[in-house]
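Residue strings, one per chain:
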Amino acid sequence: MIEFINVSKSYDRGIKALDNVSVRIDKGEFAFLVGPSGSGKSTFLKLMIREETATSGKILIDGKDVGRLKQKDIPYFRRKIGFVFQDFRLLYDRTVEENIVFALRVIEASEKDIRIQLKNVLAMVGLTGKEKFYPNQLSGGEQQRVSLARALATKPPIIIADEPTGNLDPTTADGIFKTLLEINARGTTILVVTHAKDIVDKLNKRVISLDHGRIVKDSQRGGYQI
Amino acid sequence: MKTRTYLIKEGYNNLRKHGTKTISTIFIICATMLVLGIFIILFQNVNKNVQTVRLEQGLQAFIDDSATQDDVEYMMDEIKQIPGVKDVTYLNKDQAYEDAKEVFSGLDYFLDGIENLQIFPASFVVRFERIEDSETVKSEVEKIDGIYKVKYNETTIQAVIAISKVANVFLLGVGGVLLVVSIFIISNTIKLAVYSNKREIFIMKYIGATNKFIKTPFVIEGALMGLIAALISFVLISLGYVVLYARAPQIQASLGVFGFLPYSNLWHQILGIYIILGLFIGIFGSSISIKKYLKV
Ligand SMILES: Nc1ncnc2c1ncn2[C@@H]1O[C@H](COP(=O)(O)OP(=O)(O)OP(=O)(O)O)[C@@H](O)[C@H]1O
Ligand SMILES: [Mg+2]
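Every chain is numbered independently, its residues counted from 1 as its sequence is written. Lettering for chains starts from A, numbering for ligands starts from 1, and both go in the order in which the items are written. Whole-chain, interface and lining totals are the exception, using all residues; otherwise, since this is a predicted model, local features are given only for residues with pLDDT of at least 70 and side-chain atom pairs are given and counted only at 80 or more. The basis for every side-chain value is the complete set of heavy atoms in the structure, and neither hydrogens nor water enter the calculation.

**Side note on the interface of chain B and chain A**
Part 1 of the argument: Listed as interface residues are 16 residues of chain B and, on the opposing side, 24 residues of chain A.
Part 2 of the argument: Summing both sides of the interface, chain B and chain A together bury roughly 1900 Å²; the carbon and sulfur share of this comes to 62%.
Part 3 of the argument: Summed over both partners, buried area is the accessible surface (1.4 Å probe) that two parts give up on being assembled. The largest per-residue losses of area from chain B upon contact with chain A belong to Arg199(B), Tyr206(B) and Ile207(B), which jointly make up 33% of the total buried on that side.
Part 4 of the argument: What makes a salt bridge here is a side-chain nitrogen of Lys or Arg within 4 Å of a carboxyl oxygen of Asp or Glu, nothing more. Inspection of the region where chain B meets chain A yields 1 salt bridge.
Part 5 of the argument: The closest approach of N and O atoms between Glu200(B) and Arg94(A), which form a salt bridge, is 3.0 Å.
Part 6 of the argument: Pairs of N or O atoms are called polar contacts if they sit within 3.5 Å, as long as, within protein, a hydrogen donor faces a hydrogen acceptor (for residues adjacent in sequence, only side-chain-to-side-chain pairs). Linking chain B with chain A are 5 residue pairs in polar contact (both at pLDDT 80 or more).
Part 7 of the argument: Every helix listed is a DSSP run of H or I at least four residues long, and every strand listed is a run of E at least two residues long, numbered separately from the N terminus. At the level of elements, α1 (2-17) and α8 (198-207) of chain B are the ones that each hand at least two residues to the side of chain B that touches chain A.
Part 8 of the argument: Among the elements that take part in the side of chain B that touches chain A, α8(B) stands out by supplying 8 residues, more than any other.
Part 9 of the argument: For the side of chain B that touches chain A, the residue count by class is 8 nonpolar, 3 polar and 5 charged. Should any heavy atoms of two residues lie within 4.5 Å, those residues are counted as being in contact. Residue polarity is assigned by list, with Asp, Glu, Lys and Arg as charged and Ala, Val, Leu, Ile, Met, Phe, Trp, Tyr, Cys and Pro as nonpolar; anything else, Gly included, falls into the polar class.

This is how it looks when you write it as structure tokens:
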């Protein structure tokens, strides 16, 4: 499902963010991507959605060579991957419902699909009943759930999250991870960048550790370790 | 279909979000259109009058001094055979002098003493069947040996033509400058719209919006501004013309022969040009900004 083959990424000023990274994440897996600040975690995710292009190596996602995507195919490719941000990235002048419908409009879903998916994802993230709330009327955890619902709405086979609980307290973070596990249980491949050591240890899932742009550890049932 | 409705709505919402900016943008486009509308009205009215006068008075073809009586008769026959010619009259030097006297009536002293110099050349006055024939007839007459100059008999409205020429240059100049300013302002408005929607655009890109989907609301915003300006300008210029037309008799009296076109002959042309121009300014202006600021 996700495969990096000898991928390196250097930014303009010669900073090597990723250094010859090879890794494979299968369909339906749940994996953590951990490492110290500046180790290349966000870069890894950006390469996946072609926000950045690898300097060398090859990235395959769902069989597609990401680096060779034509400009006009990139939007359609991105629909395969739901992205969740640390700071939620919600539209604050729109209600919960409108934020989710926004995503469905973007992929030009039919009115019928919009109705069905809205209901489905609200239930999935546990926000049924909060449709008409504005993000400012919600707690941080709830806001992240809206962002998760938005990512799920377009039914992507992959969800990637960059420090989704970075702005949340531990209890709230637990709840978000619980939901992520539920989504994973339905077949969605999930890759989460996190600094939440406790949770990584507790969940006993695959952990890929980066340091200075290299994979230093990859354990199937690992704990958080740098 | 639903997507299109959604994108149009987004474009309209953008318009409303940037209220004052929208209004001032529409204002400048209206100014451009009004200047252009005045140009169209002036141009069409002058043109109409020129045609009327041409049809009534035809053209004058001046004959070389060396032409003999036989030559003149031969030329006259030739002119008569040109398709579209209604009638031809020969004007000898004496008649030309009399005509000139009429033109300079009240200034008789000006012509005293030059009577014998015979500086007024003989000529033919050629009239047309239809105004559409005038140019071809003119060029055919010019080809005839012994004719050294051909011009339309437009003395009665020459002043109007001269003034309208100056006015046209002025109006087109001002209109052109305003057009450039309009496009600049609309592109600036769209630039601000792009900035204020940065967050939406950013999120859209992550979700997988196509470039077209992201751009369309801004193009629609520009096009709507152009169309609204077109309608406002059309109403204003229509009112203006109707008021002017009501005073046509007085103006006609002071200008002599000048007659005004009824608005029913003009409005569709003005509306058509306004709509096309509005769409052009709106779409072109917004496209500039989208290209520059919406790196999609
Ligand atoms: N756009 C960029 N231009 C230049 N250098 C960059 C850019 N983005 C990231 N970098 C550099 O690449 C390296 C890896 O950055 P990256 O954001 O991937 O790290 P990270 O593991 O996500 O860190 P953090 O945990 O702090 O978010 C860093 O040294 C960073 O300064
Ligand atoms: Mg990061």
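**Some points on the pattern of salt bridges**
All names here are of chain A.
Part 1 of the argument: In this structure the tally under the stated criterion is 18 salt bridges over all chains.
Part 2 of the argument: Asp 19 serves as the salt-bridge partner of Lys 16, at 3.7 Å between the closest nitrogen and oxygen.
Part 3 of the argument: Think of it in three bands: residues with accessible area under 20% of the maximum for their type are buried, residues over 50% are exposed, and the middle band is partly exposed, with areas taken using a 1.4 Å probe on protein chains only. Using a relative accessible area of 45% as the deciding quantity, one classes Lys 16 as partly exposed.
Part 4 of the argument: Residues Asp 19 and Arg 214 are paired through a salt bridge, measuring 3.0 Å at the closest nitrogen-oxygen approach. Within this pair, whereas Asp 19 is found in strand β2 (residues 16-25), its partner Arg 214 is found in strand β10 (residues 214-219), the two being separated by 195 residues in sequence.
Part 5 of the argument: Because the salt bridges share partners, they merge into one network encompassing Lys 16, Asp 19 and Arg 214.

**Considerations on the domain arrangement of chain B**
Part 1 of the argument: Segmentation of the chain into domains, including their bounds, is taken from an automatic or database domain assignment. Splitting chain B by domain gives domain 1 (3-52 + 159-293) and domain 2 (59-152).
Part 2 of the argument: One C-alpha centre belongs to domain 1 of chain B, the other to domain 2 of chain B, and the line joining them spans 47 Å.

**Examining the packing of aromatic side chains**
Part 1 of the argument: Pairing of aromatic rings covers Phe, Tyr and Trp, the last through its six-membered ring, and needs centres within 6.5 Å; plane angles under 30 degrees mean stacked, over 60 mean edge-to-face, and all others mean tilted. By the definition in use, this model includes 17 aromatic pairs over all chains.
Part 2 of the argument: An angle of 55 degrees between the planes, with centres 5.8 Å apart, marks the rings of Phe32(A) and Phe177(A) as tilted. With Phe32(A) in strand β3 (residues 30-34) and Phe177(A) in helix α6 (residues 170-185), this residue pair connects regions lying 145 residues apart in the sequence.
Part 3 of the argument: For Phe32(A), a relative accessible area of 0% puts it in the buried group.
Part 4 of the argument: Judged by its relative accessible area of 2%, Phe177(A) is buried.
Part 5 of the argument: Linked through ring pairs, Phe83(A), Phe85(A), Phe202(B) and Tyr206(B) together constitute an aromatic cluster.

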